[in-house]
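# Breakdown of the fold
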Amino acid sequence: MTLPEITIDYLANRPEFLEQLARLSWEEWQEIYQQRDQTLEHCRKNYQERMNTDRLPLTFVAVHRTELLGMVSLKFHDMDTRPDLDPWLGGLLVLPERRNRGVGTRLMHRATEEARRLKVARLYLWTHSHSAERLYRKLGWQVVDQANYFGKQTVVMSIGPSERPQRGG
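The text that follows walks through the structure, step by step, so that each part is easy to find. (Residues numbered from 1 in each chain as written. Predicted model: local features only at pLDDT ≥ 70, side-chain atom pairs only at ≥ 80, totals over all residues. Heavy atoms only, no water.)

Of the volumes computed, that of the largest pocket is approximately 1,300 Å³. Lining of the largest pocket is provided by 46 residues; of these, Trp29, Gly91, Leu92, Leu93 and Tyr136 occupy positions nearest its centre. For the lining of the largest pocket, the secondary-structure elements that each account for two or more residues are helix 1 (18-35), helix 2 (40-49), strand 4 (88-94), helix 3 (103-117), strand 5 (123-127) and helix 4 (130-138). Take the lining of the largest pocket: its biggest share by element is 7 residues, from helix 1. (1 Å grid on protein atoms, 1.4 Å probe; cavity = no way out; pocket = protein on both sides within 12 Å on 5 of 7 lines; lining within 4 Å. Points joined across faces, edges and corners; volume = space filled by probe spheres on them. Helix = DSSP H or I, 4+ residues; strand = E, 2+ residues; numbered from the N terminus.)

Put into structure tokens, the structure is as follows:
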């Protein structure tokens, strides 16, 4: 079941969500932030730097009325072990109570549309999650590498934003 009236907007246009995004991101990926010697304050600063609408890095938020549903970012240098790959789609997060309603798919479509608008030739992402990998494959992403990253088996995927992903989800 999808939610009606979902708006996907730039974080730059919805700064009231900055603090909540930083906290959600910290809670979801705290282990990774700590292995990178980063704190919640680093996380907050990262989102402040992504308050752009005309260039990377940037973040999108999914909103229903005044409620934050999820987020995704387009950013640089997301995987320290693969500095040869840039830019990245990362930080896709849908609040648990709003999952399986198409929000993640809508965020992914909006992010790839933005990358196309900004003339990004290729986007990358990495994930430890098998369910996320299934979603990304369904949306047209292809596996380009597998590695052990932060002690977990990780899949690196890629898409050319001009490649039309399937609509669905």
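Glancing now at the environment of Asn52. Residue position: Asn52 is located in the loop between helix 2 and strand 2 (58-64). Relative accessible area serves as the criterion here: at 10%, Asn52 is assigned to the buried category. Linking Asn52 and Gln38, residues 14 residues apart in sequence, is a C-alpha distance of 22 Å. Leave out the neighbours within four places in its chain, and Asn52 touches Tyr10, Ala12, Pro57 and Leu58. Polar side-chain contacts of Asn52 include one of 3.2 Å to the side chain of Arg55. A polar contact of 2.6 Å, which involves the side chain of Asn52, links it to the backbone oxygen of Pro57. (Buried < 20%, exposed > 50% of the residue type's maximum accessible area, 1.4 Å probe, protein only. Contact = heavy atoms within 4.5 Å. Polar contact = N/O pair within 3.5 Å; in protein donor to acceptor, adjacent residues only side chain to side chain.)

Nothing here speaks to function; it is geometry throughout.
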